[in-house]
Amino acid sequence: MFYLKYLSSEILRRWGKTVTVSLGLAIASAIIVLIVSFSQALSLAQSKVLSPLENVGTDMMLTRSVDQENTGELDEAARTEMMSENRITTDLSKLGKPGDDFKMDTFLPGTLLTFESSTTDKLDKGLVADYAQGLIMSVAHQEGKIPEVTAQFETGGETINVEQDIAPMSDEERAAVDAARQKIQQEMKDKGIDPRSQEGRQYERDATNSAMPERFSKMRAQVQTERRTYTQNVGPISTDISTQNLTVAGVQTDKQDIGLILPSQIVEGKYFDGDNQIIVNKAYAQKQSKKVGDKITLSNKEYDIVGLVEPKLYTNTADLYLSLGELQKIAGRENRINLLLIKSTKANSVEEAASKLKGVFTGAKITSSADTAKQVSGSLVSAANLTNRFILLTSVIVILSSFIIVSLLTVASINKRTREIGTLKAIGWSNAEVIRQIVAENLMLGIIGAVFGVILGSLSIFVLNKFDISFSANIENASSGFGMMRRFVEQSAGQTASVDLDVAYSIVVFATGAGVAIIGAVVSGFFAALKASRLRPQVALRNIE
Amino acid sequence: MDIIKVEKLKKIYKQGDKTISAVDDISLNIRDGEFIVIIGPSGSGKSTLLQLIGGLDRPTVGSVQIDGIVSSKANEKKLAQIRREKIGFIFQNFNLIPTLTARENVEAAISRHSAKDSIVAEAKLKIVGLEKRANHIPSLLSGGEQQRVAIARALVNDPGIILADEPTGNLDSRTGEEIMSLLRDLNKKSGKTVILITHSEYAKKFADRVIEIKDGKVI
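All values reported here derive from a predicted model rather than from experimental measurement.

1. A word on the interface of chain A and chain B
So, step 1. Listed by partner, the interface residues are 25 residues for chain A and 27 residues for chain B.
So, step 2. If you list the elements that add at least two residues to the side of chain A that touches chain B, you get α1 (2–13) and α12 (418–426) of chain A.
So, step 3. If one sorts the elements of the side of chain A that touches chain B by residue count, α1 of chain A sits on top with six residues.
So, step 4. Classifying every residue of the side of chain A that touches chain B gives 11 nonpolar, seven polar and seven charged.

2. Quick notes on the pairing of strand β4 (residues 128–145) of chain A
All names here are of chain A.
So, step 1. Looking at chain direction, strand β2 (residues 101–108) and β4 are connected through eight bridges and run antiparallel. Looking at the pairing, Asp-101 lines up with Lys-145 of β4.
So, step 2. Here β4 pairs with strand β12 (residues 339–344) via six bridges, running antiparallel. Looking at the pairing, Gln-133 lines up with Leu-340 of β12.

3. Focus: the packing of helix α5 (residues 143–155) of chain B against helix α6 (residues 173–190) of chain B
All names here are of chain B.
So, step 1. At a minimum axis separation of 10 Å, α5 and α6 run at an interaxial angle of 15°. As the angle between them shows, α5 and α6 are arranged roughly parallel. Here α5 runs over α6; the crossing is right-handed. Across from Gly-143, Gly-144, Gln-147 and Ile-151 in α5, the residues of α6 making contact are Thr-175, Glu-178, Ile-179 and Leu-182.

4. Looking at the pairing of strand β1 (residues 2–15) of chain B
In summary, the side chains of a regular strand alternate between the two faces of the sheet.
Residues and elements named next belong to chain B.
So, step 1. Bridge count for β1 against strand β2 (residues 18–31) is 11 bridges, and the pairing is antiparallel. Paired with Lys-10 across the two strands is Asp-24, which belongs to β2.
So, step 2. Hairpin connection, β1 to β2: the antiparallel pair is bridged by two residues, and Gly-16 has positive phi, about 65°.
So, step 3. Here β1 pairs with strand β4 (residues 61–66) via five bridges, running antiparallel. Note that in β4 the partner of Lys-10 across the bridge is Val-61.

5. A few points about the environment of Ala-78 of chain A
All names here are of chain A.
So, step 1. Assignment of secondary structure puts Ala-78 in helix α4 (residues 76–84).
So, step 2. Under the C-beta neighbour-count criterion, Ala-78 is labelled buried, with 23 such atoms within 10 Å.
So, step 3. Distance from Ala-78 to Glu-116, taken between C-alpha atoms, is 9.3 Å for residues 38 residues apart in sequence.
So, step 4. Look past the residues within four positions of Ala-78 in its chain and what remains in contact with it is Leu-113, Thr-114 and Phe-115.

6. Digging into the nonpolar core
Residues and elements named next belong to chain A.
So, step 1. Ranked by size, the top nonpolar core spans 92 residues in total, and within it Met-137, Val-248, Tyr-321 and Ala-517 carry the most contacts.
So, step 2. Top element by residues in this core is helix α2 (residues 15–50). It accounts for 16 residues.
So, step 3. Split by domain, this core shows at least three residues from each of two domains, domain 1 (2–53 + 378–540) and domain 2 (66–142 + 241–362).
So, step 4. Dropping the residues within four chain positions of it, Met-137 is found in contact with Phe-107, Leu-108, Pro-109, Gly-110, Thr-247, Val-248, Leu-327 and Ala-331.

7. Regarding the packing of helix α13 (residues 431–466) of chain A against helix α14 (residues 507–533) of chain A
Residues and elements named next belong to chain A.
So, step 1. Look at α13 against α14: their axes get within 7 Å of each other, and the N-to-C directions meet at 155°. By the angle between their axes, α13 is roughly antiparallel relative to α14. The chirality of how α13 crosses α14 is right-handed.
So, step 2. Considered class by class, the residues forming the contact of α13 with α14 number 20 nonpolar, 11 polar and one charged.

8. Here we look at the confidence of the model for chain A
All names here are of chain A.
So, step 1. When pLDDT is averaged along chain A, the result is 79, and 83% of the positions lie at 70 or above.
So, step 2. Per-element mean pLDDT across chain A ranges from 66 in strand β14 (residues 376–377) up to 92 in strand β7 (residues 277–281).
So, step 3. Throughout residues 478–493 the model reports pLDDT below 50, and contacts reaching past four residues in sequence, or to other chains, amount to 38 contacts.

9. Thoughts on the sheet that holds strand β10 (residues 217–218) of chain B
Residues and elements named next belong to chain B.
So, step 1. Here six strands make up an open sheet; going across it, the order is β6-β7-β8-β3-β9-β10 and the pairing mixed. Here the strands that pair on one side only, and so sit at the sheet edges, are β6 (87–90) and β10.
So, step 2. Relative to strand β8 (residues 193–198), strand β7 (residues 161–165) runs parallel, the two being bridged by five bridges. Of the residues in β8, the one forming a bridge with Asp-165 is Ile-197.

10. Examining the sheet that holds β1 of chain B
So, step 1. What the four strands build is an open sheet, ordered β2-β1-β4-β5 (chain B); its pairing is antiparallel. On the outer flanks of this sheet lie β2 and β5 (69–70) of chain B, each paired with one strand and no other.

Criteria and thresholds
- Residues numbered from 1 in each chain as written.
- Chains lettered and ligands numbered in written order.
- Predicted model: local features only at pLDDT ≥ 70, side-chain atom pairs only at ≥ 80, totals over all residues.
- Contact = placed C-beta atoms within 7 Å.
- Helix = DSSP H or I, 4+ residues; strand = E, 2+ residues; numbered from the N terminus.
- Nonpolar A, V, L, I, M, F, W, Y, C, P; charged D, E, K, R; others polar.
- Pairing = 2+ DSSP bridges.
- Axes fitted to C-alpha atoms, helices over the stretch in contact; angles between N-to-C directions.
- Parallel < 35°, antiparallel > 145°, perpendicular 65-115°, else oblique.
- Left-handed = near helix turned anticlockwise from the far one by under 90°.
- Buried ≥ 20, exposed ≤ 12 C-beta atoms within 10 Å, placed from the backbone.
- Core = buried A, V, L, I, M, F, W, Y, C linked by C-beta atoms within 7 Å.
- Domains from an automatic or database assignment.
- pLDDT = per-residue confidence, 0-100.

Here it is in structure tokens:
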């Protein structure tokens, strides 16, 4: 076909123009690909953080938060938790002898009051497709030497002077003594003992003493000493006790795709498959230099680290993960949980389910994805807001400028070909044929530009991913509305999630970029062609001197 | 039989406040098979007359009839068809498409494209003696060769009329002579009506009739 021959000749033999125009289109197309891919990656990263619930297969989270005036409606265990206000009272003397080393873990509910795990029986099966129980506790880990706490007081050794008048002997007593003496003298005479001898004197003394009234041999007196108060100031206990706060979560291990952590989020090692196992948050493990195979002691019990996890439920992460039963046991919270992750039966019934589930117990609080999104701030959100605002503007600018550049290049090329187009018209080409030819040429340039644009776009995405860009997002922990609880448990104030930017190669995006190049070329070609078709054929006869 | 009838043709251009009558009330009848040379100095209006006859421009007043069709009243599409089927144009600057080979340049003018395009084009190139240069692009051809390609292109739809605008103006005299002979042959052997405009007296000797123009009027 002649038209195709003409088309390929124009493309191949005017290679300078072909390269210029198609390169311009390719760059525009690559920029569009890059901008759109980048913003998609951003919003993907953003949605990971903004909808952390979706990361763990749920769309709602049930927790408990109670106003102080409603404490009366709580069950006993929750009331105790609330009253204790997360304070730790430790009687160190009960832990051992002064100077001994001790380690102690105290479990506190943090900001989340617990509730009966049997609450799940009350959930409406029509609204809840699946659920996972969780218990997140703050742990105050204390260790050090037991200090000397007792003060010693020494009493006694005082000299007490007592004076007492003893009543003289009565006549009867005197007569009794005399009778006893006469009796012993008579006995001695009978036995032939000389009363002046040593033995005789002893006999007489013993007899006299036994006859004497009792008050002469034993003194009896009541002495009351003066009342005195000793005051001693005991200074602060000097000791090396250190306190470290961390969070421990209990995970319902029999659920594979719903829960505080999922097997798929294990980045090293494995998920729970036996007893005495603990999974450690990767960030915490790095901070503590722990690795898979090491041991961690919690509540004086050793656990094997079987895996490291990167938890994705950013609003409620923990440093350590145990099986729910194990944590309930060591934390003294048998059959208690403080977090229930719920997947509703229908994605669009979340609001309805949320309002119905609120009545399940006092202080029940439902957090949905929309609520968690509000708790996020940081560079990720700023970047996403920025791109959301400017993505359209930037795209429009790129598309417009590429369109203008291509239009100018096409018009310039048409102007150079004035004589050629006039000649074509003179030899009988219709306007439609002229337009078709120029549009087809630009379509060709657009396709070439699109191909190079896709290549260029892929390369720039590749390079962008090489840079390992990551964004941070600060996430507030779900507040219980019970402010005093924050007093002790500091680290529940919030945390930072870091999300890597992973720019994907999307067919749709590449098609868009290619479309921009092709449509831009065709549209600008069409306008240039319209201008060309209005050329009067007699320009062909004009002589160029 | 008159193949071209020109009646009371006027073409008035406005240039600022002035109006210029490039063609001023010209009437002409040209018979089939005539070799007409229109001669005049530059600015005499001879090119404008040729454009009006060839349907490249429309008259301000008057009419042009080609082969019984009033071309001056035809719409753009019809006019393009008349140019394609009835008329072959030859230009001073040859006006070949620079990116196309000699053969493709000839093919460009074919009114109904078919698989036989290249055979038709090569046959026309043979008429002008250029069949061996069919695959060369214009920049590799001499001026005379380029003008021969242009003549082959003008012949490709077998039109009855050939309009030549100073066809030898950019050629040396020997090559110009060859081109004039070629046109003369086409006129004599194939019976083509040739209308050639020039400012050189030399072309007169090829003409059946010479029309001299000055200031838009036939002298």
